[in-house]
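# Coordinate analysis (summary)
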Amino acid sequence: MTLNHSLVQKIGNAIKEVSRNKGSTWWYTPHMAAASRAITKRIPLVDILLEVRDSRIPLSSTCELIKHLSPSSRHIIILNKTDLANHIQLKEWLKYFEQKKCLVFGVNSHNKDNIKELLNFLQARVRELPKIGHGDQTITLMLFGIPNVGKSALANSLHQIGRISAAEKGRLKHAVASPHPGETKNISGLKIASHPSIYVLDTLVFSRPRFSMQRCAIKDCLVGEVELAEYFLSIYNLSDEFKKWVKLLLSGADDCSELERRQKRQYLTDHTQDFIVNKVRRMLYEAVSSFNGDLEDEETMSRLIKAEFAALRDAFNLPPDSDDCVRKVAAKLLNLYRTGRLGHYTLDVAPSNN
């Protein structure tokens, strides 16, 4: 089974429709509007625009502010968090953008070698600029994008690796990196190369999310945690990623006593601990591998997802009669997905696959 299945697309389109209908006025404050205007004025003044997107939602994390711009050497799409995306899907997205004549680069902002490759790529693009002619010239690159695609983390990595490569001394600057949207409050410039001097501008959050699957560029405020969790599970169920968890069946259930858990510093309420994560993986594997039915049928898929929610409730140690149990399951599941604990999944399907 493949991820471009019509059922997955149907669920994804339904979620996007919900997002559009609910709107984003709750998030797009006057502060954001003012920031948007300020950055719009700066766009013509910078040499290269670096639009940062989340590799897991390369289309949904498009920045609406400059969607009208045609592909050019001044506009480069940076697909960040490649370490969390499905590698096959990522290759398809890179190919798609290249076919659209877009400059694109996939990067993991926490991988030094990958950052060095990106620096070399950017310096090559700078050398292609028509006005480059002398070593003391200053080039500015501007990072922009929707909240939490990793702009500040990327700026910090470029600054750190760039200064080391240029053998420059002095105190490092840092852009504010946070999992919460809106932490970057102003535009800061960080030097990433010399001869010519290249500065990257890390901008404050300013763009409306067009399809809010975002929190670490995957948020659920506009869509709803339950709907987004169901969408993720539909993709999970149609993939083969879960098969690598078969070894968890051999380990069996974790039947430690309460005292043993305390001694191991294991807490049933912390869903991020390894023993809980492994329990989630094992239960999801058992639910999918033992399920008999045609997952191409929407009702059949819905039954499986309902069974998975029940299994996850037990995995997360939530009492069945707890308030808002379904939403709590969805929230914990999405947190594990966002942080890569459940594997590598891309929620946007490349248009070439449609």
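Residues numbered from 1 in each chain as written. Predicted model: local features only at pLDDT ≥ 70, side-chain atom pairs only at ≥ 80, totals over all residues. Heavy atoms only, no water.

## Focus: the packing of helix 6 (residues 225–237) against helix 11 (residues 325–338)
So the rule is basically this: Where helices are involved, their axes are fitted lines through C-alpha atoms of the stretch in contact, as for all axes, and angles between N-to-C directions lie from 0 to 180°. Runs of H or I in DSSP of at least four residues are treated as helices and runs of E of at least two as strands, each being numbered from the N terminus. Each angle receives one of four descriptions, namely roughly parallel if under 35 degrees, roughly antiparallel if over 145, roughly perpendicular if within 65 to 115, and oblique otherwise. Each helix crossing is assigned a hand: it is left-handed if the near helix lies turned anticlockwise from the far helix by less than a right angle, otherwise right-handed if that turn is clockwise. We call two residues contacting when some pair of their heavy atoms lies within 4.5 Å. In this classification, the charged set is Asp, Glu, Lys and Arg, the nonpolar set is Ala, Val, Leu, Ile, Met, Phe, Trp, Tyr, Cys and Pro, and all remaining amino acids, among them Gly, are polar.
Packing of helix 6 against helix 11 brings their axes to within 8 Å, and their N-to-C directions diverge by 55 degrees. Considering the angle they form, helix 6 stands oblique to helix 11. The hand of the helix 6/helix 11 crossing is left-handed. Two secondary-structure elements touch here, helix 6 through E225, V226, L228, A229, F232 and L233 and helix 11 through V326, R327, A330, A331, L333, L334 and Y337. Residues that form the contact of helix 6 with helix 11 fall into these classes: 11 nonpolar, no polar and 2 charged.

## Considerations on the pattern of salt bridges
Inclusion rule: One speaks of a salt bridge when a side-chain nitrogen belonging to Lys or Arg is within 4 Å of a carboxyl oxygen belonging to Asp or Glu. Note on exposure labels: buried denotes an accessible area under 20% of the residue type's maximum, exposed denotes more than 50%, and partly exposed covers the range between, all computed with a 1.4 Å probe on protein chains only.
Taken as a whole, this structure holds 9 salt bridges when the rule is applied. Note that E241 is salt-bridged to K244, the shortest N-O span being 3.0 Å. On the basis of relative accessibility, which here comes to 16%, the residue E241 falls in the buried class. The structure contains a network of salt bridges with shared partners spanning E225, D324 and R327.

## Details of the packing of aromatic side chains
Inclusion rule: Geometry of aromatic contacts follows a simple scheme: Phe, Tyr and Trp rings, the Trp one being its six-membered ring, pair when their centres are within 6.5 Å, and the pair is stacked under 30 degrees between planes, edge-to-face over 60, tilted otherwise. Throughout this description, the term charge over a ring refers to an Arg CZ or Lys NZ atom that lies within 6 Å of the ring centre and within 35 degrees of the ring normal.
Inspection of the entire model under this criterion finds 10 aromatic pairs. Taken together, a centroid distance of 5.4 Å and an interplanar angle of 90 degrees make the contact between W93 and Y96 edge-to-face. Linking W93 with Y96, this pair stays in helix 3 (residues 87–99), spanning 3 residues, or about one helical turn. Taken as a pair, W93 and Y96 share a single burial class, namely buried. When the ring of Y337 is compared with that of Y345, the centres are 6.4 Å apart and the planes differ by 55 degrees; the resulting orientation is tilted. As far as the burial class goes, Y337 and Y345 line up, both buried. In textbook terms, an aromatic cluster arises when at least three aromatic residues are bridged by ring pairs, as seen for F232, Y236, W245, Y337 and Y345. The lysine or arginine in question, R56, covers the ring of Y337, its NZ or CZ lying 5.6 Å from the ring centre. We note R125 situated over the ring of F121; from NZ or CZ to the ring centre the distance is 4.7 Å.

## As for helix 4 (residues 112–127)
Going by this rule: The span you would expect from a helix comes to 1.5 Å times its residue count less one. Here a polar contact is recorded for every N or O atom pair within 3.5 Å, except that within protein the pair must consist of a potential hydrogen donor and a potential acceptor, and residues adjacent in sequence are included only if both atoms are side-chain atoms.
With 16 residues, helix 4 ought to run about 22 Å at 1.5 Å a step, and its terminal C-alpha atoms sit 23 Å apart, in line with that. Of all the positions in helix 4, only N114, I115, L118, L119, F121, L122, A124, R125 and V126 are classed as buried. Of the residues flanking the start of helix 4, the one acting as N-cap is N111, its side-chain oxygen 3.1 Å from the backbone nitrogen of D113.

## Here's the deal with the confidence of the model for the protein
Rule in force here: pLDDT expresses how confident the predictor is about each individual residue, on a scale running from 0 to 100.
When pLDDT is averaged along the protein, the result is 78; 69% of the residues meet or exceed 70. Mean pLDDT across the elements of the protein ranges from a minimum in helix 8 (residues 258–263), with 52, to a maximum in strand 3 (residues 103–107), with 97. The low-confidence segment residues 22–27 (pLDDT under 50) makes 15 contacts with residues lying over four places distant or belonging to another chain. Contacts from residues 206–222, a stretch scored under 50 in pLDDT, to residues over four places away or in other chains number 88 contacts.

## Things to note about the environment of R37
Counting through the fold element by element, R37 comes out in helix 2 (residues 30–42). Taking the C-alpha atoms as reference points, R37 and L65, 28 residues apart in sequence, are found 9.7 Å from one another.

## Some points on unusual backbone geometry
In this chain, H195 is followed by P196 through a cis amide linkage whose omega measures 0 degrees. By the element assignment, P196 lies in the loop between strand 5 (188–193) and strand 6 (197–202). Phi is positive for K101, close to 65 degrees, though the residue is something other than glycine. Residue placement: K101 occurs in the loop between helix 3 and strand 3. The exposure class assigned to K101 is exposed, which follows from its relative accessible area of 67%.

## Quick look at the environment of N111
Relative to the elements of secondary structure, N111 occurs in the loop between strand 3 and helix 4. With a relative accessible area of 32%, N111 lands in the partly exposed category. As a C-alpha pair, N111 and D83 span 28 residues in sequence and 9.2 Å in three-dimensional space.

## Let's talk about the packing of helix 4 against helix 5 (residues 151–165)
For the pair helix 4 and helix 5, the least separation of the axes is 10 Å and the interaxial angle reads 85 degrees. Relative to helix 5, helix 4 is oriented roughly perpendicular. Counting all contacts with helix 4, which are made through K112, I115, K116, L118, L119 and L122, the residues of helix 5 involved are L154, S157, L158, I161 and G162. Of the residues belonging to the contact of helix 4 with helix 5, the class tally is 7 nonpolar, 2 polar and 2 charged.

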